[in-house]
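# Architecture at a glance
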Amino acid sequence: MALIVQKYGGTSVGSPERITEVAKRVLRWREKGDDVVVVVSAMSGETNRLVALINELNPEGLAREKDVILSTGEQVSMGLLALCLQAMGCEARSYTGRQARILTDSAFGKARIREIDASLIKTDLDAGKVVIVAGFQGVDADGNITTLGRGGSDTTAVALAVALEADECQIYTDVDGVYTTDPRVVSDARHIPKLALEEMLEMASQGSKVLQIRAVEFAYKYDMPIRVLSSFDDGDDGKSTLVTREEDIMEEVMVRGVAFNRDEAQLTIKGVPDKPGVAFDILGPISDANIEVDMILQNVGSDGSTDFTFTIHRNDYPDAMRILQETANTLGAADCSGDQRIAKVSIVGGGMRSHAGVASQMFEALAKDGINIRMISTSEIKISVVVDEKYLELAVRTLHEAFGLSAEAA
Ligand code: ADP
Ligand code: ASP
Ligand code: MG
């Protein structure tokens, strides 16, 4: 008998019919003798609807109140699934993040899970119940409701799997696994049956939203295998992707996939003094405001001054620009500017460690299609470039083809 944590995303619970299909699937796993904990997202479109309501009334409002609102979508799904399972004769019990004792920090809107007290869930499982937990939410030390950032139900699922020492964490979504790139952008993207957690970590952090980055971080840290599958497949023997330790993957591939991210914005401060501590003067206040910086570029100085460019999440742009303008005044900088129409494209692959020349192959392919590169950053297993947003899809297709990733090329 195994303990399985299953997470169902928004489209998988998007209607009463879809919820019924989920309930049937959960029952099939139960009938095999497995214990099942189910994590649910809000019904598709619901979180966007709640965000729009907030923006209509008071977009500048307190993040605490926003989380009170945003967390409700998942609460509806969990209750509906519990009712559906009960109607099928299965004992099921639903819990919000707070009821499930998922303790987080107080970073509203992007809270991190600190601890889970799983004793209540274990008692229910021992009593033969199916436990349903609302994804994307928790409670801070003061009892406030928190949310984990968009896509955060994946993280709830992996964190629960770790806390419960589950055998596998299954992420059910609307695609039957991880592909070489988003199949909605490149229709002949290739299915990847097995993928290293390290590679998935890079893919997710570079924008492949099939799994939330923090979910993969958890899985990597605690060695929890994740299986990505489709809730739209009829049986339980369809295709899937197992994301697991690198040692368990036989073949090493130079470029595994192409990831992209439209959610970035670029900020530049010009004419700052070229002296020790200036990077800290610029980025310190940004990080104090809990804004994550992605790429950083400092030009070679001349005449005692230099320019400094960095990228952040687009949602943080207004705050970051305000902070940067204050810094510019303090430092006596010449000018601040920003661009929200940029995008980042990355190639990711464990085999890059041992292959030279991947970067030049990437730059050559982009140049051939006339795509200008604005920033570059590399790590051991990825190369990212920032391009104008209007070239994003072209860049993704170009790189997908240049590295022979299409299904046909297999
Ligand atoms: P859910 O609501 O189930 O969490 P998401 O929309 O968050 O689903 O994630 C699934 C989507 O991720 C797919 O529909 C697909 O468009 C997108 N996606 C992005 N990159 C990839 C990739 N490399 N492989 C598979 N799907 C991807
Ligand atoms: N409902 C939340 C979102 O849309 C969390 C999730 O689906 O994972 O981002
Ligand atoms: Mg998701």
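This write-up is about the structure you can find in this document. (Residues numbered from 1 in each chain as written. Chains lettered and ligands numbered in written order. Predicted model: local features only at pLDDT ≥ 70, side-chain atom pairs only at ≥ 80, totals over all residues. Heavy atoms only, no water.)

With that out of the way, let us pick up the packing of aromatic side chains. Tallied over the entire structure, the rule returns three aromatic pairs. Ring geometry for F218 against Y222: centres 5.9 Å apart, planes inclined by 25°, an arrangement best described as stacked. Taken together, the positions of F218 and Y222, both in helix α8 (residues 213-222) and four residues apart, correspond to about one turn of that helix. Taking NZ or CZ as reference, R18 lies 3.9 Å from the ring centre of F232, over its face. Just above the ring of W29 sits the side chain of K32; from NZ or CZ to the centre is 3.5 Å. (Phe/Tyr/Trp six-rings, centres within 6.5 Å; stacked < 30°, edge-to-face > 60°. Helix = DSSP H or I, 4+ residues; strand = E, 2+ residues; numbered from the N terminus. Lys NZ or Arg CZ within 6 Å of the ring centre and 35° of its normal.)

Turning next to the site of ligand 2. The local shell around ligand 2 consists of S41, A42, T47, E74, F136, R150, G151, G152 and S153. G152 has a polar backbone atom sitting 3.3 Å from an oxygen atom of ligand 2. Between ligand 2 and S153, the relevant distance is 3.0 Å, taken from an oxygen atom to a main-chain nitrogen or oxygen of the residue. When the free accessible area of ligand 2 is taken as 270 Å², the share hidden by the protein chains comes to 86%. For the shell around ligand 2, the per-class residue count stands at two nonpolar, five polar and two charged. (Near = heavy atom within 4 Å. Polar contact = N/O pair within 3.5 Å; in protein donor to acceptor, adjacent residues only side chain to side chain. Areas by Shrake-Rupley, 256 points an atom, 1.4 Å probe, with all protein chains shown as cover. Nonpolar A, V, L, I, M, F, W, Y, C, P; charged D, E, K, R; others polar.)

Here four strands make up an open sheet; going across it, the order is β15-β20-β22-β21 and the pairing antiparallel. Of all the strands in the sheet, just β15 (257-261) and β21 (375-379) have a single pairing partner and so form its edges. For this sheet, the mean angle separating the axes of adjacent strands, direction not counted, is 20°. As paired strands, strand β20 (residues 342-348) and strand β22 (residues 382-388) are joined by seven bridges and run antiparallel to one another. (Pairing = 2+ DSSP bridges. Axes fitted to C-alpha atoms, helices over the stretch in contact; angles between N-to-C directions.)

This next bit is on the state of the cysteines. Counted according to the given criterion, the structure contains zero disulfides. Free of any disulfide, C84 has its nearest cysteine sulfur in C90, 10 Å distant. On the basis of relative accessible area, C84 is assigned to the buried category, the value being 17%. (Disulfide = S-S within 2.5 Å. Buried < 20%, exposed > 50% of the residue type's maximum accessible area, 1.4 Å probe, protein only.)

A few words now on the nonpolar core. In this structure, V37, I121, V133, V158 and M200 are the most contacted members of the largest nonpolar core, which totals 44 residues. Examining the composition of this core, we find that six residues originate from one element, helix α6 (residues 153-163), more than from any other. The residues touching M200, leaving out its near neighbours within four places in the chain, are V178, L195, S208, V210, L211, V216 and V243. Formed by 25 residues, the second largest nonpolar core is a distinct cluster that contains A2, I19, V40 and I132. (Core = buried A, V, L, I, M, F, W, Y, C linked by side-chain atoms within 4.5 Å. Contact = heavy atoms within 4.5 Å.)

Right, let's get into the site of ligand 1. Neighbouring ligand 1 are 16 residues; T173, D174, Y179, D182 and R184 lie closest to it. One nitrogen or oxygen atom from the side chain of R184 is found 2.5 Å from an oxygen atom belonging to ligand 1. In isolation ligand 1 has 570 Å² of accessible area, and contact with the protein removes 84% of it. Considered class by class, the residues forming the shell around ligand 1 number five nonpolar, six polar and five charged.

Turning to the environment of D248, a few remarks are in order. In this structure, D248 sits in the loop between β14 (240-244) and β15. Here the alpha-carbon distance between D248 and K194, two residues 54 residues apart in the chain, equals 8.9 Å.

Bringing the packing of helix α9 (residues 278-288) against helix α10 (residues 317-331) into the picture now. Contact pair α9 / α10: the axes reach a minimum separation of 9 Å and the direction vectors enclose 145°. Classified by chirality, the crossing of α10 by α9 is right-handed. Residues V278, D281, I282, P285 and I286 of α9 lie in contact with α10, whose contacting residues are A320, I323, L324, T327 and L331. A class-by-class count of the residues in the contact of α9 with α10 yields eight nonpolar, one polar and one charged. (Left-handed = near helix turned anticlockwise from the far one by under 90°.)

For the rest of this paragraph, the subject is the pattern of salt bridges. This model, assessed by the stated rule, comprises 24 salt bridges. Among the ionic pairs, E380 bridges to R353, the shortest N-O distance being 3.5 Å. Placement of E380 in the loop between β21 and β22 and of R353 in the loop between β20 and α11 (358-368) is noted, with a sequence separation of 27 residues between them. Residues participating in the shared-partner salt-bridge network are E264, D294 and K344. (Salt bridge = Lys/Arg side-chain N within 4 Å of Asp/Glu carboxyl O.)

None of the figures reported here should be taken as evidence of function without further support.
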